[in-house]
Amino acid sequence: QLLTWHSNMEHRALVLNPDCVIMFVNELSHQQEFLMFAPRTTEATFPTPSGGLPSAGKVMSESPYVTVFDDFLTEKECDFLRSFARSRLSPALVVQSGDNWYDTQTQTRNNEQHWLTPQEEKSVPALRHLLKRMHRASRVPDEHAEALQIGRYNVSTKYEGHLDTDPPHRVARPMTLIIYLADVGSGGDTLFPVGRNDCTAVWHEDKESNQRTYGAATCCATPEKDAPETVRVSPKLGRAVLFFNHRPDGSVDQQSKHIGCPVVAGEKWIAQRWFRFEPYNRVAYGIGTPGFDARFDGVPPEPALQRDSSSEGFWKVSDIGPRVFLQRSFVDDLVHSHLLRLAEATLASSGTVDECWLDPEAVVADDTLRSLAERARQFARLPPHSEAPAVLRLRRLRTGSDGEHLHRDSPPPPSAPGAGGQAAQLASVLVYLRVPADGGHVVFPEALQSKSNPLACGRVGDDAQDDLAACCASEGMLKLRPSRGDAVLLYSHDVEGKLDERSSHIVCPVAAGESLVAEFSFIFPNFVSASGGAAAKAASASQPVVEFENVRREVLQLFWVPPAGGEEAAMGELPAGPHSVRPFTSFAGHVFHVRDADGNLLQEVKVGAEPHQRVQVGGAEEL
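Now for a quick tour of the structure. (Residues numbered from 1 in each chain as written. Predicted model: local features only at pLDDT ≥ 70, side-chain atom pairs only at ≥ 80, totals over all residues. Heavy atoms only, no water.)

### Examining helix α7 (residues 367–380)
An α-helix turns once every 3.6 residues. As a result, residues three or four positions apart point the same way. Under the convention used in this document: Counting from the N terminus, the helices are the DSSP runs of H or I reaching at least four residues and the strands are the DSSP runs of E reaching at least two. Each helix should span, by expectation, one fewer than its residue count multiplied by 1.5 Å. Throughout, exposure labels follow a simple rule: accessible area from a 1.4 Å probe, protein chains only, divided by the maximum for the residue type, with under 20% read as buried, over 50% as exposed, and the rest as partly exposed. The arc under discussion is defined with respect to the helix axis, by the directions toward the C-beta atoms. Pairing of N or O atoms within 3.5 Å defines a polar contact, subject to two protein rules: one partner must be a possible hydrogen donor and the other a possible acceptor, and residues neighboring in sequence count only if both atoms are side-chain atoms.
In this model, α7 (14 residues) spans 20 Å end to end at C-alpha, consistent with the 20 Å of a helix rising 1.5 Å per residue. Within the span of α7, buried status applies to L369, L372, A373, A376, R377, F379 and A380. Buried residues of α7 fall within an arc of 155° about the axis and therefore sit on the same side. At the N-terminal end of α7, a side-chain oxygen is found 3.0 Å from the backbone nitrogen of T368, two or three residues along, and the residue is D366. Looking one or two residues beyond α7, the residue adopting positive phi is R381, at roughly 55°.

As structure tokens, then:
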């Protein structure tokens, strides 16, 4: 049951109801605002539409790499986000330069927007439910993102062609997710103008009409002139579009430049989540914390060995250190049978009962394998790469055979096609064809979730020092036991492209039955990680983190002061203290103003060069 609340209060009010979501109501003096909130205190009972399932999505383009999800949000969820932001919209800002952090620039962009606060993202269950859905879809850790931005475009409002990432100015965003929160009467497309030369942000003259138009107006209005490689996504309530701003090696993909086309009729509402290479917003939902949802988070319960192939279960087993995901029933019975026949024939013909590899040519030559390899790539959210086709490893462990000692999948073993040199195996998708009755677990001794001492599990490359039986019997380890037909996605590299040393794992010995796995590996030759590329340029600038600690028992407002002058930019609230803290990643020399609810200036803060700074409001000046 949805409840509706409205008020004409002049001030910000806090609505508290033990059965309902906490909502903040802002400045409702000019009109009655209706805010809907569900009578649920956890997200465990919130539904997820079919388009919001992590396995959903249709790839529209490989360059730029664009995936579209219809029905990613429900109509009520879109209404909720619009209502949440409507009374708090302000003119949108644009990153102009390193010194002019954000500024209003109406020729390039003239919409309105509102940023959620970390406190809202942490404490409002309905928001947590939607944000976690965004991160499951992108496979990006919860902390690796900026605050959610909600924007409104009225008639004629737009955003000219731009990249969402700008590493030289310390804004490195590997991916962007845009969600349309309303239908639009006309216009408002998100346009990737690949193959067109009439979309740049300059004045254009139409030779037929002799009329001059600025920027992408004509380009947006003439879809019939789109090239085959042009990507145009029309607004639709609940639709989401996920695109990559960087390639897997961290370099910027210039094809990801896009346009927010002018609205011709109606209103365009969007929510945007900009993902980061590193922890940024620092809003996470660990085990035992509000926001943890056992339907999607953590190690799934062990099902029966024979499962219904129609199950849609998806688990984010580990969000970070390492990133591990599990998809139930990744293959149906027909594909499963095909893989079993292939495995039996290939393993027998290879002269080994343990392992063999199929090179990319063999994968492409088999229609079922080719289709499954593409699904595995989409599961891993890896952009297509002509130099990194999928290779297939078939592995069988019989009763009594050794498991696999502690190892990482990257760099790939010498026996793998494409191995050698600087090759890196960024991700692996393991499809389980047979699961033993006893044993065969995958154990991650060095995972952040593991609580036991991993010494019994040995060290990578030193098999003589490990004790697989003791390691597998240890309590507190992150252990995973998939079912027949399931797929496990394991990233050996983090979002930035660096080798994730916590991705090391073992496969326990099989005590009864047989383990048979088909592993799709994505091996990038001559891989240079983002630690030497564009993403690191943003991180290497050593942006200081400033923590504002509010020791007053009132909500305060924080504003950024443009160095070149002009109006202050609202950065959100400092929750009431005592001792509530809100961190910001900033730049040395930037200035912030802290004001009370009446707008009175309480404190001016100038950011220093130290990597970590804390400022108290209402107490000492700076610690």
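### Structural notes on the pattern of salt bridges
Which entries qualify depends on this criterion: What makes a salt bridge here is a side-chain nitrogen of Lys or Arg within 4 Å of a carboxyl oxygen of Asp or Glu, nothing more.
For the coordinates displayed, the defined rule picks out 35 salt bridges. A salt bridge links R295 to D293, with the nearest nitrogen and oxygen atoms 2.8 Å apart. Its salt-bridge partner being R395, residue E404 comes within 3.5 Å of it at the nearest N-O pair. Looking at E404, the relative accessible area reads 13%, which means it is buried. R395 sits in the buried class, given a relative accessible area of 5%. If you follow the salt bridges from partner to partner, you end up with D189, R196, D198, D226 and R232 in one network.

### Some remarks on the packing of aromatic side chains
Where two aromatic rings form a pair, the distance of their centres and the angle of their planes describe that pair. Formally: Aromatic rings from Phe, Tyr and Trp, with only the six-membered ring used for Trp, were paired whenever their centres fell within 6.5 Å, and each pair was classed as stacked if the ring planes differed by under 30 degrees, edge-to-face if by over 60, and tilted otherwise. Two thresholds decide whether a charge sits over a ring: the Lys NZ or Arg CZ must be within 6 Å of the ring centre and within 35 degrees of the ring normal.
Under the counting rule described, the total for this entry stands at 12 aromatic pairs. Feature note: the residues F314, F325, F330, F379 and Y491 constitute an aromatic cluster, connected by ring pairs. Across from the ring centre of W274, 4.2 Å away, lies the NZ or CZ of R173, which sits over that ring. The ring of Y153 has K268 sitting right over it, with the charged end atom 4.9 Å from the ring centre.

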